[in-house]
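If you want the building blocks of each chain, they are given just below.
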Amino acid sequence: MLMDRAYEGDSIRKTVRKNGFIPVVPPKKNRKEPWDYDKVRYRKRNEIERYFLRLKRFRKNFTRHDKLDVLFCGFIYFAMCIDALLV
């Protein structure tokens, strides 16, 4: 489970492990006993967050004026195509 550094507490990581996931979260800088984590996966989390921020430029998606799910999904796909062309 990819998590932000704000969720690096022992109790949250323990709960994630108990539910069958592997927590991927870097320790805070002031931790006395830091742990290893998958840095490549954590970097991918950042890429996904930036992608959603780019999609948020299309305000119509996130104010959700469409009444039909088909139209909403269609506009998501349209925004993804425009984003792919601009990048």
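Residues numbered from 1 in each chain as written. Predicted model: local features only at pLDDT ≥ 70, side-chain atom pairs only at ≥ 80, totals over all residues. Heavy atoms only, no water.

**Structural notes on the confidence of the model for the chain**
- Confidence along the chain averages 84 in pLDDT terms, with 92% of residues attaining 70 or more.
- Predicted confidence in the chain is weakest over helix 3 (residues 59-63), with a mean pLDDT of 68, and strongest over helix 1 (residues 10-18), with 91. (pLDDT = per-residue confidence, 0-100. Helix = DSSP H or I, 4+ residues; strand = E, 2+ residues; numbered from the N terminus.)

**Observations regarding the packing of helix 2 (residues 39-55) against helix 4 (residues 69-86)**
- Running from amino to carboxyl end, helix 2 crosses helix 4 at an angle of 110°, the nearest separation of the two axes being 10 Å. What the angle tells us is that helix 2 and helix 4 run roughly perpendicular. From helix 2, Tyr51, Arg54 and Leu55 reach across to helix 4, where they touch Ala79, Met80 and Asp83.
- Across the contact of helix 2 with helix 4, the residue classes tally to 4 nonpolar, no polar and 2 charged. (Axes fitted to C-alpha atoms, helices over the stretch in contact; angles between N-to-C directions. Parallel < 35°, antiparallel > 145°, perpendicular 65-115°, else oblique. Contact = heavy atoms within 4.5 Å. Nonpolar A, V, L, I, M, F, W, Y, C, P; charged D, E, K, R; others polar.)

**Here's the deal with helix 4**
- With 18 residues, helix 4 extends 26 Å between its outermost C-alpha atoms, agreeing within 8% with the 26 Å of an ideal straight helix rising 1.5 Å per residue.
- All of the buried residues along helix 4 are Phe75, Ile76, Ala79 and Asp83. Down the axis, helix 4 shows its buried residues gathered within 105° of arc, on one side only. Those residues of helix 4 that are exposed and aimed more than 90 degrees away from the buried face are Val70, Tyr77, Ala84 and Leu85. (Expected span 1.5 Å × (residues − 1). Buried < 20%, exposed > 50% of the residue type's maximum accessible area, 1.4 Å probe, protein only. Arc of directions from axis to C-beta.)

**A word on the packing of aromatic side chains**
- Under the criterion given, the structure shown has 3 aromatic pairs.
- Considering the side-chain rings of Tyr37 and Tyr42, the 6.0 Å spacing of their centres and the 80° angle between planes classify their relative orientation as edge-to-face.
- Judged by its relative accessible area of 25%, Tyr37 falls in the partly exposed class.
- The ring of Trp35 carries the charged tip of Arg13 above its face, separated from the ring centre by 3.5 Å. (Phe/Tyr/Trp six-rings, centres within 6.5 Å; stacked < 30°, edge-to-face > 60°. Lys NZ or Arg CZ within 6 Å of the ring centre and 35° of its normal.)

**Description of helix 2**
- Here helix 2 contains 17 residues, and its C-alpha end-to-end distance of 25 Å stays within 8% of the 24 Å for a straight helix at 1.5 Å per residue.
- Among the residues of helix 2, Tyr42, Arg45 and Leu55 are the ones counted as buried. Across the axial projection of helix 2, the buried residues extend over an arc of 130°, all falling on one side. Of the exposed residues in helix 2, those oriented more than 90 degrees away from the buried face are Lys39, Val40 and Arg43.

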